[in-house]
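Breakdown of the fold
One letter stands for each residue in the lines below.
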Amino acid sequence: MRWRLIEEFDQRLERASKAWQEPATFADPRRRLGQKDYLSLLLFGLFNPVVDSMRGLCAASGLARVQEQICSAPVSLGSFSEAQAVIDLSLLERVFSELGAEGQGVGRWRDSPLEPYREQLLVVDSTLWRALPRMTWALWRYQHGRESALRLQIKFNLWQEQPVAALVSSARQCERSLLRAQLESGGVLRWGSLLRGRLRLL
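Residues numbered from 1 in each chain as written. Predicted model: local features only at pLDDT ≥ 70, side-chain atom pairs only at ≥ 80, totals over all residues. Heavy atoms only, no water.

**A look at the pairing of strand 1 (residues 121-131)**
Within strand 1, eight of the eleven residues are buried, leaving the element largely enclosed by the surrounding structure. Of the strand pairs in this sheet, strand 1 and strand 3 (residues 146-157) are connected by ten bridges, and their pairing is antiparallel. If you follow D125 over to strand 3, its bridge partner there is I154. (Buried < 20%, exposed > 50% of the residue type's maximum accessible area, 1.4 Å probe, protein only. Helix = DSSP H or I, 4+ residues; strand = E, 2+ residues; numbered from the N terminus. Pairing = 2+ DSSP bridges.)

**Details of the packing of helix 1 (residues 3-17) against helix 2 (residues 35-47)**
In contact at an axis separation of 10 Å, helix 1 and helix 2 are set at 155° when each is read in the N-to-C sense. By the angle between their directions, the pair helix 1 and helix 2 is classed as roughly antiparallel. Like other packed secondary-structure pairs, helix 1 and helix 2 cross with a definite hand, here right-handed. Listed contacts from helix 2 to W3, L5, I6, F9, D10, L13 and E14 of helix 1 are K36, L39, S40, L43, F44 and F47. Residues that form the contact of helix 1 with helix 2 fall into these classes: nine nonpolar, one polar and three charged. (Axes fitted to C-alpha atoms, helices over the stretch in contact; angles between N-to-C directions. Parallel < 35°, antiparallel > 145°, perpendicular 65-115°, else oblique. Left-handed = near helix turned anticlockwise from the far one by under 90°. Contact = heavy atoms within 4.5 Å. Nonpolar A, V, L, I, M, F, W, Y, C, P; charged D, E, K, R; others polar.)

Quick look at the structure:
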(Lines give C-alpha, C1' and ligand atoms only; values in the text may rest on other atoms or scores of the structure.)
Protein backbone atom coordinates (compact mmCIF):
# COMPACT_ATOMS: atom_id res chain seq x y z
CA MET A 1 0.00 0.00 0.00
CA ARG A 2 1.44 3.39 -1.03
CA TRP A 3 0.80 5.37 2.13
CA ARG A 4 3.56 7.85 1.33
CA LEU A 5 1.94 8.85 -1.96
CA ILE A 6 -1.41 9.39 -0.26
CA GLU A 7 0.32 11.54 2.35
CA GLU A 8 1.92 13.64 -0.41
CA PHE A 9 -1.46 13.91 -2.16
CA ASP A 10 -3.01 15.22 1.08
CA GLN A 11 -0.26 17.82 1.39
CA ARG A 12 -0.88 19.01 -2.17
CA LEU A 13 -4.62 19.19 -1.52
CA GLU A 14 -3.91 21.28 1.56
CA ARG A 15 -1.78 23.75 -0.41
CA ALA A 16 -4.27 23.98 -3.25
CA SER A 17 -7.20 24.58 -0.89
CA LYS A 18 -5.63 27.75 0.55
CA ALA A 19 -6.47 29.67 -2.63
CA TRP A 20 -9.75 27.90 -3.28
CA GLN A 21 -13.32 28.51 -2.17
CA GLU A 22 -14.79 25.35 -0.69
CA PRO A 23 -18.39 24.59 -1.74
CA ALA A 24 -20.85 25.78 0.89
CA THR A 25 -22.27 22.28 1.36
CA PHE A 26 -19.00 21.08 2.89
CA ALA A 27 -19.19 23.81 5.54
CA ASP A 28 -22.44 22.35 6.85
CA PRO A 29 -21.68 20.80 10.27
CA ARG A 30 -24.06 17.95 9.47
CA ARG A 31 -21.78 16.79 6.65
CA ARG A 32 -19.19 14.50 8.22
CA LEU A 33 -17.35 13.56 5.02
CA GLY A 34 -15.12 16.40 3.82
CA GLN A 35 -13.87 16.86 0.28
CA LYS A 36 -10.28 16.10 1.20
CA ASP A 37 -11.24 12.85 2.95
CA TYR A 38 -13.41 11.82 -0.01
CA LEU A 39 -10.65 12.37 -2.58
CA SER A 40 -8.01 10.68 -0.44
CA LEU A 41 -10.28 7.69 0.09
CA LEU A 42 -10.78 7.38 -3.66
CA LEU A 43 -7.00 7.39 -4.18
CA PHE A 44 -6.66 4.75 -1.47
CA GLY A 45 -9.06 2.56 -3.43
CA LEU A 46 -7.05 2.97 -6.64
CA PHE A 47 -3.84 1.91 -4.89
CA ASN A 48 -5.39 -1.01 -3.00
CA PRO A 49 -6.26 -4.06 -5.16
CA VAL A 50 -8.30 -5.60 -2.35
CA VAL A 51 -10.80 -2.71 -2.39
CA ASP A 52 -12.83 -2.93 -5.58
CA SER A 53 -16.15 -1.25 -4.73
CA MET A 54 -17.71 1.69 -2.92
CA ARG A 55 -18.94 -0.69 -0.25
CA GLY A 56 -15.39 -1.95 0.23
CA LEU A 57 -14.04 1.60 0.55
CA CYS A 58 -16.63 2.49 3.16
CA ALA A 59 -15.83 -0.68 5.09
CA ALA A 60 -12.09 0.12 4.95
CA SER A 61 -12.80 3.59 6.39
CA GLY A 62 -13.52 1.88 9.69
CA LEU A 63 -9.92 0.66 10.03
CA ALA A 64 -7.76 2.54 12.54
CA ARG A 65 -4.87 3.27 10.16
CA VAL A 66 -7.19 4.43 7.40
CA GLN A 67 -8.83 6.87 9.81
CA GLU A 68 -5.43 8.04 11.00
CA GLN A 69 -3.94 8.69 7.56
CA ILE A 70 -6.82 9.09 5.13
CA CYS A 71 -10.21 9.94 6.59
CA SER A 72 -10.97 11.13 10.10
CA ALA A 73 -14.04 8.96 10.70
CA PRO A 74 -15.91 5.96 9.28
CA VAL A 75 -17.74 6.80 6.04
CA SER A 76 -21.28 5.61 5.38
CA LEU A 77 -22.48 4.44 1.97
CA GLY A 78 -24.97 7.31 1.84
CA SER A 79 -22.38 10.00 2.58
CA PHE A 80 -19.91 8.61 0.06
CA SER A 81 -22.54 8.32 -2.66
CA GLU A 82 -23.86 11.83 -2.07
CA ALA A 83 -20.38 13.37 -2.15
CA GLN A 84 -20.01 12.34 -5.80
CA ALA A 85 -22.64 14.90 -6.78
CA VAL A 86 -21.28 17.87 -4.80
CA ILE A 87 -17.52 17.45 -5.21
CA ASP A 88 -15.74 20.41 -6.84
CA LEU A 89 -13.17 19.10 -9.31
CA SER A 90 -11.43 22.48 -9.59
CA LEU A 91 -9.45 21.53 -6.48
CA LEU A 92 -8.07 18.48 -8.27
CA GLU A 93 -7.27 20.63 -11.31
CA ARG A 94 -5.08 22.80 -9.09
CA VAL A 95 -3.24 19.74 -7.80
CA PHE A 96 -2.72 18.38 -11.32
CA SER A 97 -1.47 21.79 -12.52
CA GLU A 98 1.09 21.81 -9.72
CA LEU A 99 2.25 18.32 -10.62
CA GLY A 100 2.43 19.24 -14.29
CA ALA A 101 4.61 22.27 -13.59
CA GLU A 102 7.08 19.99 -11.81
CA GLY A 103 7.17 17.38 -14.56
CA GLN A 104 8.78 19.28 -17.40
CA GLY A 105 10.81 16.36 -18.75
CA VAL A 106 12.67 18.16 -21.55
CA GLY A 107 16.23 17.09 -20.74
CA ARG A 108 16.54 14.22 -23.19
CA TRP A 109 14.93 16.29 -25.97
CA ARG A 110 17.37 19.20 -25.74
CA ASP A 111 19.13 20.04 -29.03
CA SER A 112 16.68 17.79 -30.86
CA PRO A 113 15.57 18.78 -34.39
CA LEU A 114 12.03 18.45 -33.02
CA GLU A 115 12.50 21.31 -30.54
CA PRO A 116 10.76 23.91 -32.76
CA TYR A 117 7.63 21.72 -32.53
CA ARG A 118 7.67 21.28 -28.77
CA GLU A 119 4.12 22.66 -28.41
CA GLN A 120 2.73 20.63 -31.31
CA LEU A 121 4.00 17.09 -30.56
CA LEU A 122 0.86 15.55 -29.13
CA VAL A 123 -0.66 12.13 -28.50
CA VAL A 124 -4.39 11.71 -27.84
CA ASP A 125 -5.61 8.53 -26.17
CA SER A 126 -9.27 7.57 -25.99
CA THR A 127 -10.22 4.98 -23.37
CA LEU A 128 -13.54 3.64 -22.06
CA TRP A 129 -14.24 3.36 -18.33
CA ARG A 130 -17.14 1.31 -17.00
CA ALA A 131 -19.71 3.33 -15.06
CA LEU A 132 -22.53 2.51 -12.68
CA PRO A 133 -25.82 1.55 -14.40
CA ARG A 134 -27.65 4.32 -12.55
CA MET A 135 -25.53 6.93 -14.37
CA THR A 136 -28.20 7.24 -17.05
CA TRP A 137 -26.43 10.07 -18.88
CA ALA A 138 -23.54 7.64 -19.51
CA LEU A 139 -25.71 4.92 -21.08
CA TRP A 140 -23.53 3.09 -23.60
CA ARG A 141 -25.26 0.02 -25.01
CA TYR A 142 -27.52 -2.98 -24.38
CA GLN A 143 -25.25 -5.98 -24.95
CA HIS A 144 -25.12 -8.01 -21.75
CA GLY A 145 -27.91 -6.04 -20.20
CA ARG A 146 -27.81 -2.28 -19.70
CA GLU A 147 -24.21 -0.98 -19.73
CA SER A 148 -22.97 2.50 -18.89
CA ALA A 149 -19.50 3.83 -19.65
CA LEU A 150 -17.49 7.04 -19.85
CA ARG A 151 -15.02 8.02 -22.52
CA LEU A 152 -11.84 9.74 -21.35
CA GLN A 153 -9.65 11.45 -23.94
CA ILE A 154 -6.22 12.55 -22.76
CA LYS A 155 -4.01 14.86 -24.80
CA PHE A 156 -0.36 14.22 -23.96
CA ASN A 157 2.55 16.49 -24.91
CA LEU A 158 5.55 14.31 -25.83
CA TRP A 159 8.05 17.09 -25.31
CA GLN A 160 6.86 18.05 -21.84
CA GLU A 161 6.07 14.41 -21.02
CA GLN A 162 2.80 15.33 -19.36
CA PRO A 163 -0.94 15.56 -20.12
CA VAL A 164 -2.08 18.99 -21.27
CA ALA A 165 -5.84 18.43 -21.64
CA ALA A 166 -8.57 15.95 -20.78
CA LEU A 167 -12.12 15.50 -21.98
CA VAL A 168 -14.76 13.31 -20.30
CA SER A 169 -17.92 12.34 -22.17
CA SER A 170 -20.44 9.56 -22.57
CA ALA A 171 -18.99 6.50 -24.29
CA ARG A 172 -21.65 6.80 -26.98
CA GLN A 173 -20.07 9.97 -28.33
CA CYS A 174 -18.00 9.44 -31.45
CA GLU A 175 -14.30 9.51 -30.57
CA ARG A 176 -13.45 11.06 -33.94
CA SER A 177 -15.75 14.03 -33.30
CA LEU A 178 -14.26 14.45 -29.83
CA LEU A 179 -10.80 14.34 -31.38
CA ARG A 180 -11.70 17.10 -33.83
CA ALA A 181 -12.79 19.24 -30.90
CA GLN A 182 -9.24 19.02 -29.51
CA LEU A 183 -7.38 19.61 -32.77
CA GLU A 184 -5.30 22.75 -33.12
CA SER A 185 -3.81 24.21 -36.27
CA GLY A 186 -0.23 23.06 -36.90
CA GLY A 187 -0.31 20.17 -34.45
CA VAL A 188 1.54 16.89 -35.07
CA LEU A 189 -0.86 14.41 -33.59
CA ARG A 190 -1.04 10.67 -32.97
CA TRP A 191 -4.31 9.20 -31.86
CA GLY A 192 -4.44 6.03 -29.82
CA SER A 193 -7.17 3.88 -28.36
CA LEU A 194 -5.84 1.54 -25.69
CA LEU A 195 -9.10 -0.34 -25.53
CA ARG A 196 -9.04 -1.32 -29.19
CA GLY A 197 -5.28 -1.38 -29.58
CA ARG A 198 -4.94 1.01 -32.49
CA LEU A 199 -2.77 3.99 -33.23
CA ARG A 200 -3.24 6.26 -36.20
CA LEU A 201 -1.26 9.13 -37.63
CA LEU A 202 -3.39 12.08 -38.61
